[in-house]
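Analysis of the macromolecular model
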Amino acid sequence: MKVYMKKILLWLDEHIEELIGAILLGIVTILISVGVFFRYVLNNSLSWSDELARYCFIWAVFVGMGLAVKNDGNMKINILEMAFPKIAPALCVIQDLIYFVFLVYLIRPTIEVLAKFTTNPQPSPAMQIPMQFVYASFMAGIGFAIFRLAEKYFRKIRAYLLHRKELKEGME
């Protein structure tokens, strides 16, 4: 039982953003299809399907921030890396550090916006769900991205230290 749980947790660690994103985008596809069917076939438009699809899409985008970090898929200006390939790894670290600082900086204003919606709740137009649910997606995206950046450098440092240890043992 422990082995299966460990395998499941490892799989989730590697694929949680993909799983959440796929589920959300599947929901978006179904909601849009149902909305189109009701609007054009039954001549009875659903007021909530587009809104829920939009909110699911927003969540999918921000959850994807972590996936982009994990797969090195963030947009970068790589003209310096191409001009100076010998220092490209150092430039990548600097870019990731700038991104990390930016993400940490965004935590406070995001919390302030969420707090405003908590003290002065605003319901969504069609479904009347609290809008802080939608705005919380940005905080989730920041959390996923920070976690994946930390994980990326933890793994790099660990691999470097293990390689260094192997070199020392090989020299003895």
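Please refer to the structure higher up on the page.
A brief report on the enclosed structure follows. (Residues numbered from 1 in each chain as written. Predicted model: local features only at pLDDT ≥ 70, side-chain atom pairs only at ≥ 80, totals over all residues. Heavy atoms only, no water.)

**Let's talk about the side chain of K152**
Note that K152 resides in helix α5 (residues 132-171). Owing to a relative accessible area of 15%, K152 belongs among the buried residues under this scheme. At a separation of 2.7 Å, a polar atom in the side chain of K152 contacts the side chain of D96. With sequence-adjacent residues up to four places away left out, K152 is seen in contact with D72 and D96. (Helix = DSSP H or I, 4+ residues; strand = E, 2+ residues; numbered from the N terminus. Buried < 20%, exposed > 50% of the residue type's maximum accessible area, 1.4 Å probe, protein only. Polar contact = N/O pair within 3.5 Å; in protein donor to acceptor, adjacent residues only side chain to side chain. Contact = heavy atoms within 4.5 Å.)

**Some words on empty space enclosed by the protein**
Empty pockets left among the atoms are what a rolling probe the size of a water molecule brings to light. For the coordinates displayed, the defined rule picks out 1 cavity of 30 Å³ or more. Roughly 30 Å³ of internal volume is contained in the largest cavity. Along the walls of the largest cavity sit A68, V69, D72, G73, N74, K76, D96, L149 and K152, which together make up its complete lining. Those elements that provide at least two residues to the lining of the largest cavity are α2 (49-70) and α5. (1 Å grid on protein atoms, 1.4 Å probe; cavity = no way out; pocket = protein on both sides within 12 Å on 5 of 7 lines; lining within 4 Å. Points joined across faces, edges and corners; volume = space filled by probe spheres on them.)

**Examining the pattern of salt bridges**
In the structure shown here, the tally under the stated rule is 11 salt bridges. The salt bridge involving R39 is made with D50; its shortest N-O contact spans 3.1 Å. Taken together, the residues R39 in helix α1 (residues 2-41) and D50 in helix α2 connect sequence positions 11 residues apart. We classify R39 as partly exposed; its relative accessible area is 28%. Using a relative accessible area of 30% as the deciding quantity, one classes D50 as partly exposed. Here the residues in one salt-bridge network are D13, E14, E17, R148, E151 and R155, joined through shared partners. (Salt bridge = Lys/Arg side-chain N within 4 Å of Asp/Glu carboxyl O.)

**Structural notes on α1**
Here α1 contains 40 residues, and its C-alpha end-to-end distance of 51 Å is more than 12% below the 58 Å for a straight helix at 1.5 Å per residue. H15 marks where α1 bends most, by close to 70 degrees. Restricting attention to buried positions, one finds in α1 the residues E17, G21, L24, V28, L31 and G35. The first or second residue beyond α1 is N43, which carries a positive phi of 50 degrees. (Expected span 1.5 Å × (residues − 1). Bend = angle between axes of the 7 residues up to and from the residue.)

**What to know about the packing of aromatic side chains**
Scanning the entire structure with this criterion turns up 4 aromatic pairs. When the centroid spacing of 5.1 Å and the interplanar angle of 80 degrees are considered together, the rings of F62 and F138 count as edge-to-face. Here the residue F62 occupies a position in helix α2, and F138 occupies one in helix α5, the gap between them amounting to 76 residues. What makes F62 partly exposed here is its relative accessible area of 23%. Residue classification places F138 among the partly exposed residues on the basis of a relative accessible area of 25%. (Phe/Tyr/Trp six-rings, centres within 6.5 Å; stacked < 30°, edge-to-face > 60°.)

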